[in-house]
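Descriptive analysis of the structure
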Amino acid sequence: MKSRATIHREFELARVDDRIYSAFIEHMGRAIYGGIYEPTHPTANEHGFRADVLHLVRELKIPLIRYPGGNFVSAYKWEDGIGPKDQRPVRLDLAWRSKETNQVGINEFASWAKEADIEMMLAVNLGTRGIEEARNFVEYCNHPKGSFWSDLRRSHGAEQPYDVGMWCLGNEMDGPWQIGHMEAKEYGRLADETSKAIKAFNKDIETVVCGSSNDQMKTYPEWERVVLQECYENVEYISLHKYFGNSRHDSLNFFSKIDETGRYIQTVAGIIDYVKAEKRAKNDVYICFDEWNVWYHNREQDHENVQNWDWPEAPALLEEDYNLEDALFVGGLLNEFIRRSDRVKIACIAQLVNVISPIRTLDGGPAWAATIYYPYQFASLYGRGTAMNVAVAGPTYDTEIAHDVNYLDISAVLSADENELTIFAINRSLEDEMEINVSLLGFERCQLLDHRVMGGNSKDARTSNTANEPNRIVPKQGGGLVVEEGILKGNLKPFSYNLIRITV
Ligand code: AHR
């Protein structure tokens, strides 16, 4: 199999917003309790946070984290999580039928985010609550001092405001499963008014309105149009969510869902343009893809009869054992976000620890990186700068959901100092090596700096990393590629993810 590609120095797509490498964490399952927070763990610091998890998180260089939900936020009282820990109420979380002890609240989470060197993007509850709680939450977090909520925060030991600059207006409000689910028009109105109230504190705050929970929703894409018509001028982003799986064990079909996601982005971008034109608006609205990942488990698998649960604390929910194929998928979806850097400015892998996550833990035991950790890390470390246009000519295939899908999934980013071109390339073929020939036009003194490979054999497609064997599927030093006279050439192994760094 042979694929050719061309990258021209003058054909830039857009600046990559670093925030496409963001993450999401929810009060759900063992994400917070038993994930980032486990006071009895041997590595726990004085605040109860696991240092082993913090280490893995820091290595990802995550710019932004969305918190505290998810479906959880739609019935959450953030005030339950402030003040002395022994006085915080235990609540029943209706979204995940679990017990919420509130031992982690906004102040604990903010201190964790600071240690992890990540900015917070907070969601307000627009399911059971509304403008009043949102404005109180913003005042608690952001106002310096001299008001009821800001002084309360200071009395809780947080002298300095958190200056949270990004706020999400509820979660998946189009979903009938959402507590407080609404029709598009009523949600759009509430989002508009809530956003105005939040921005009354500081006009530079940016808000994210809920788009569709996925592109298979009956209300998609009408939801986006109606919601934006209500609030276009008062929001900066519209959120999209989508989760993926390969229950049919058809890898090529699985990978083509990335092309389908490209259409999802394109459609919503078109609706944004439509509403902007209709309103004669001056501002731009961008896409915040704030939940995405591979997801197989369902609640019945996690527990046979969820309805009979006795409201467990931090049950093991959606703990996926990601395999090589999932890693290739995650690398490919990140490629799509890079290719759509013009419209997608934020994207959050969902979630960060234990729940559909790149990082896993055992209670009292080790933390380890799942296969998907590595393509996410490589994109975050090396995918910053300017997304380049990559023209591809090579073999393609068709599936039920997409036509002319390239076997070569590729993106390229030129670093901000213009000294390094990074190529992320996936050979989707299960059996065949791929001979590549990538012309680097307009770049001078090109030299191969690094080549790392994950996979290379589709027999490993379903192999995962485990607590006992955390290094079964990890990146290895590559080989077989050269850069000669401005052309990157050589072979990509079958079913492989490749990080290729070139000095220019
Ligand atoms: O990430 C898990 C759940 O998926 C989130 O709570 C919800 O927003 C989505 O449906």
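See the structure above.
All figures in this text were calculated on a predicted structure; none of them were measured in a lab. (Residues numbered from 1 in each chain as written. Predicted model: local features only at pLDDT ≥ 70, side-chain atom pairs only at ≥ 80, totals over all residues. Heavy atoms only, no water.)

What follows covers the nonpolar core. Counting 152 residues, the largest nonpolar core has Trp112, Tyr187, Leu352 and Ile423 as the members making the most contacts within it. Setting aside residues up to four positions removed in sequence, isoleucine 423 forms contacts with Ile7, Ile410, Ser411, Ala412, Val438, Leu440, Leu488, Asn498, Leu499, Ile500 and Ile502. In this structure, Phe24, Ala123, Cys168 and Cys288 belong to the second largest nonpolar core, which totals 13 residues. (Core = buried A, V, L, I, M, F, W, Y, C linked by side-chain atoms within 4.5 Å. Buried < 20%, exposed > 50% of the residue type's maximum accessible area, 1.4 Å probe, protein only. Contact = heavy atoms within 4.5 Å.)

With that settled, the discussion passes to the environment of lysine 199. Inspection of the secondary structure assignment puts lysine 199 in helix α5 (residues 184–199). C-alpha separation for the pair lysine 199 and isoleucine 238, spaced 39 residues apart in sequence, amounts to 16 Å. (Helix = DSSP H or I, 4+ residues; strand = E, 2+ residues; numbered from the N terminus.)

Next up on the list: the sheet that holds strand β23 (residues 487–492). The pairing of strands in a sheet happens through backbone hydrogen bonds and is either parallel or antiparallel. Strand order across the open sheet formed by 10 strands is β21-β20-β24-β18-β17-β14-β1-β19-β23-β22, with mixed pairing between neighbours. Each edge of the open sheet carries a strand with a single partner, namely β21 (476–477) and β22 (481–484). Relative to strand β17 (residues 408–414), strand β14 (residues 386–393) is paired through three bridges, and the arrangement is antiparallel. Counterpart to threonine 386 in the pairing with β17 is leucine 414. Across the sheet, helix α9 (residues 324–339) lies against β1 (2–15), β14, β17, β18 (420–427), β20 (447–455) and β24 (496–503), angled at about 50° from β17, the strand it touches most. (Pairing = 2+ DSSP bridges. Axes fitted to C-alpha atoms, helices over the stretch in contact; angles between N-to-C directions.)

Surveying the vicinity of the ligand reveals the residues Phe24, Glu26, Gly70, Asn71, Trp96, Asn171, Glu172, Tyr243, Glu291, Trp295, Gln351 and Ile356. The side chain of tyrosine 243 places a nitrogen or oxygen atom 2.8 Å from an oxygen atom of the ligand. Glutamine 351 is positioned with one of its side-chain polar atoms (N or O) 3.0 Å from an oxygen atom of the ligand. Look at the ligand: alone it shows 280 Å² of surface, and the protein chains cover 95% of it. (Near = heavy atom within 4 Å. Polar contact = N/O pair within 3.5 Å; in protein donor to acceptor, adjacent residues only side chain to side chain. Areas by Shrake-Rupley, 256 points an atom, 1.4 Å probe, with all protein chains shown as cover.)

This paragraph deals with the environment of arginine 263. Within the secondary structure layout, arginine 263 lies in helix α7 (residues 251–279). Residue class for arginine 263 comes out partly exposed when judged on its relative accessible area of 41%. Sequence separation between arginine 263 and aspartate 215 is 48 residues, and the spatial gap between their C-alpha atoms is 9.5 Å. A distance of 2.7 Å separates a polar side-chain atom of arginine 263 from the backbone oxygen of isoleucine 401.

The next thing to look at is the pairing of β18. Counting buried positions over the eight residues of β18 gives eight, a clear majority of the element. Of the two faces of β18, the one carrying Glu420, Thr422, Phe424 and Ile426 and the one carrying Leu421, Ile423, Ala425 and Asn427 are both buried. Here β17 pairs with β18 via seven bridges, running antiparallel. Across the sheet, the residue bridging to leucine 414 is leucine 421, located in β18. Connecting β17 to the antiparallel partner β18 that follows it, the hairpin turn spans five residues, and glutamate 418 within it adopts a positive phi of roughly 65°.

It is worth spelling out the sheet that holds strand β10 (residues 286–294) at this point. Around the barrel, which closes on itself, the eight strands sit in the order β2-β3-β6-β7-β8-β9-β10-β11 with parallel pairing between neighbours. Across the sheet, the mean angle from the axis of one strand to that of its neighbour is 30°, orientation sign disregarded. Across three bridges, the pairing between strand β2 (residues 22–24) and strand β11 (residues 344–350) is parallel. Within β11, the residue paired with serine 22 across the bridge is cysteine 348.

Quick look at the side chain of arginine 88 now. Looking at the secondary structure, you find arginine 88 in the loop between β3 (64–67) and β4 (91–93). One polar contact links the side chain of arginine 88 to the main-chain carbonyl oxygen of glutamine 103, over a distance of 3.4 Å. Polar side-chain contacts of arginine 88 include one of 2.8 Å to the side chain of glutamate 108. In this view, arginine 88 contacts Asp80, Gly81, Ile82, Gly83, Thr101, Asn102, Gln103, Val104, Gly105 and Glu108; residues no more than four positions away in its chain are not counted.

A few words now on unusual backbone geometry. In this structure, the amide linkage connecting tyrosine 220 to the following residue, proline 221, adopts the cis form with an omega of 0°. Following alanine 350, the chain continues into glutamine 351 via a peptide bond in cis, with omega recorded as 0°. As for its position among the elements, glutamine 351 is in the loop between β11 and β12 (359–361). Positive phi is not limited to glycine here, since alanine 314 has a value of about 45°. Note that alanine 314 resides in the loop between α8 (299–302) and α9.

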